[in-house]
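Architecture and fold: a report
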Amino acid sequence: MQTIITKNQAEMSAKAAELIIEQVKAKPDSVLALPTGKTPQLVYAKLVEAFQQGRVSFAGVKTFNLDEYVGMCRTCADSFYVYMKQHLYDHVDIRPENIFLLDGAASNLDDECANYERDIKEVGGVDLAILGIGRDGHIGFCEPGMSFDSRTIVVNLDESTRQANADDLVELKEVPAQAITMGLATIFKSRQIILLASGEHKAAIVAKALEGEVSEQVPASILQTHPQTTVILDEAAASQLKAS
Ligand code: GLP
């Protein structure tokens, strides 16, 4: 695990965007796993900027989002699909058929999970997964206690996660109780992983995940054992690391 500490969120985002661009240039048909939330917003803005400057094309790229709320229709204002359209997809040359997102409103969620696993396998697996981290250590929506062997699955969201995400809601009054997420084993199989965290409110969990015990109680701690993980932090998020 390599850890890069940057000055602030803007620098963290620029660094992450450069690594993603490098990956896509080296392999134009890269398969990316992508997060939502506040953390990656500026990363997406930097990717859009690079596309507009002709520095990168996403025409051959395939993307799989990490998660979606259960019950959320694709075009609902609070769906991660709408988030991705607003932040990335509507502004770059990615092909619609190369965009994969879990359908939270699918009538059979077990089939939806199995199909997602199949789709990931069919494209040859994820080359690069970009992750944020929840304050309880979740990645995607893999909450504390989830098995490191988990594949794409329906989960109950922790109350703290529901509260933390409440201010991102546009239309809904409260965060749904369940989500559908790539599992920890699915994420771990990615050939390369970038974990991002910015802000003081992430400092405690970052220290626990990176320097604490590898435990299913801290899902992101699984990354300590991944051979190709780069962690990009800003100074505030890195402030409780012993090694910094
Ligand atoms: C959310 C998402 C994660 C995200 C994390 C942190 O619940 N499911 O993919 O990385 O929580 O969110 P934020 O970046 O807004 O702090």
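The rules behind these values
- Residues numbered from 1 in each chain as written.
- Predicted model: local features only at pLDDT ≥ 70, side-chain atom pairs only at ≥ 80, totals over all residues.
- Heavy atoms only, no water.
- Axes fitted to C-alpha atoms, helices over the stretch in contact; angles between N-to-C directions.
- Helix = DSSP H or I, 4+ residues; strand = E, 2+ residues; numbered from the N terminus.
- Parallel < 35°, antiparallel > 145°, perpendicular 65-115°, else oblique.
- Left-handed = near helix turned anticlockwise from the far one by under 90°.
- Contact = heavy atoms within 4.5 Å.
- Near = heavy atom within 4 Å.
- Polar contact = N/O pair within 3.5 Å; in protein donor to acceptor, adjacent residues only side chain to side chain.
- Areas by Shrake-Rupley, 256 points an atom, 1.4 Å probe, with all protein chains shown as cover.
- 1 Å grid on protein atoms, 1.4 Å probe; cavity = no way out; pocket = protein on both sides within 12 Å on 5 of 7 lines; lining within 4 Å.
- Sits in = over half its atoms within 2 Å of the grid points.
- Phe/Tyr/Trp six-rings, centres within 6.5 Å; stacked < 30°, edge-to-face > 60°.
- Buried < 20%, exposed > 50% of the residue type's maximum accessible area, 1.4 Å probe, protein only.
- Nonpolar A, V, L, I, M, F, W, Y, C, P; charged D, E, K, R; others polar.
- Salt bridge = Lys/Arg side-chain N within 4 Å of Asp/Glu carboxyl O.
- Pairing = 2+ DSSP bridges.

A separate point is the packing of helix 1 (residues 9-26) against helix 2 (residues 41-52). Direction vectors running N to C along helix 1 and helix 2 enclose 50 degrees, while the axes themselves pass 8 Å from each other. Taken together, the axes of helix 1 and helix 2 lie oblique to each other. For helix 1 against helix 2, the interelement crossing comes out right-handed. The residues of helix 2 that touch helix 1, namely those facing Gln9, Ala10, Ser13, Ala14, Ala16, Ala17, Ile20 and Ile21, are Leu42, Val43, Lys46, Leu47 and Ala50.

Near the ligand you find Gly37, Lys38, Thr39, Asp67, Gly132, Ile133, His138, Gly140, Phe141, Asn165 and Lys202, and these make up its full shell. Between the ligand and the protein, one listed contact pairs a nitrogen atom with a backbone N or O atom of glycine 140 at 3.0 Å. Within the side chain of lysine 202, a nitrogen or oxygen atom sits 2.6 Å from an oxygen atom of the ligand. When the ligand is considered free in solution it has 390 Å² of accessible area, and contact with the protein chains removes 93% of it. Under a 2 Å grid-point criterion requiring more than half of the atoms, the pocket assigned to the ligand is the largest pocket.

Okay, the packing of aromatic side chains next. A complete count under the given rule lists six aromatic pairs for this structure. Between tyrosine 69 and phenylalanine 141, the aromatic rings sit 5.4 Å apart at their centres with planes inclined by 40 degrees, giving tilted as the arrangement. One end of the pair, tyrosine 69, is in strand 4 (residues 67-69); the other, phenylalanine 141, is in the loop between strand 6 (128-131) and strand 7 (153-156), and 72 residues separate them in sequence. Residues tyrosine 69 and phenylalanine 141 agree in their burial class; the two are buried. When the centroid spacing of 6.1 Å and the interplanar angle of 25 degrees are considered together, the rings of phenylalanine 80 and phenylalanine 141 count as stacked. Pair noted here: phenylalanine 80 is in helix 3 (residues 80-87) and phenylalanine 141 is in the loop between strand 6 and strand 7, with a separation of 61 residues, a long-range link. Taken individually, phenylalanine 80 and phenylalanine 141 each receive the classification buried, so the pair is uniform in this respect. Ring pairs connect the aromatic residues Phe64, Phe100 and Tyr116, which therefore count as one cluster.

Glancing now at the packing of helix 2 against helix 3. Interhelical geometry of helix 2 versus helix 3 gives an angle of 45 degrees and a closest axis separation of 9 Å. Of the possible angle classes, the one that applies to helix 2 and helix 3 is oblique. Here Gln41, Tyr44 and Val48 of helix 2 lie close against helix 3, whose contacting residues are Tyr83, Met84 and His87. Among the residues making up the contact of helix 2 with helix 3, the classes are represented as four nonpolar, two polar and no charged.

Before going further, it helps to spend a moment on the pattern of salt bridges. One pass over the structure, following the stated rule, counts eleven salt bridges. One salt-bridge network, in which partners are shared between bridges, spans Lys27, Asp127 and Arg191.

Looking now at the sheet that holds strand 1 (residues 2-6). Taking strand neighbours across the sheet as the criterion, the seven strands line up as 1-10-9-6-2-3-5 in an open arrangement whose pairing is parallel. Here the strands that pair on one side only, and so sit at the sheet edges, are strand 1 and strand 5 (99-100). Pairing of strand 2 (residues 31-34) with strand 3 (residues 62-65), which is carried by four bridges, proceeds in the parallel orientation. The residue of strand 3 that forms the bridge with alanine 33 is phenylalanine 64.

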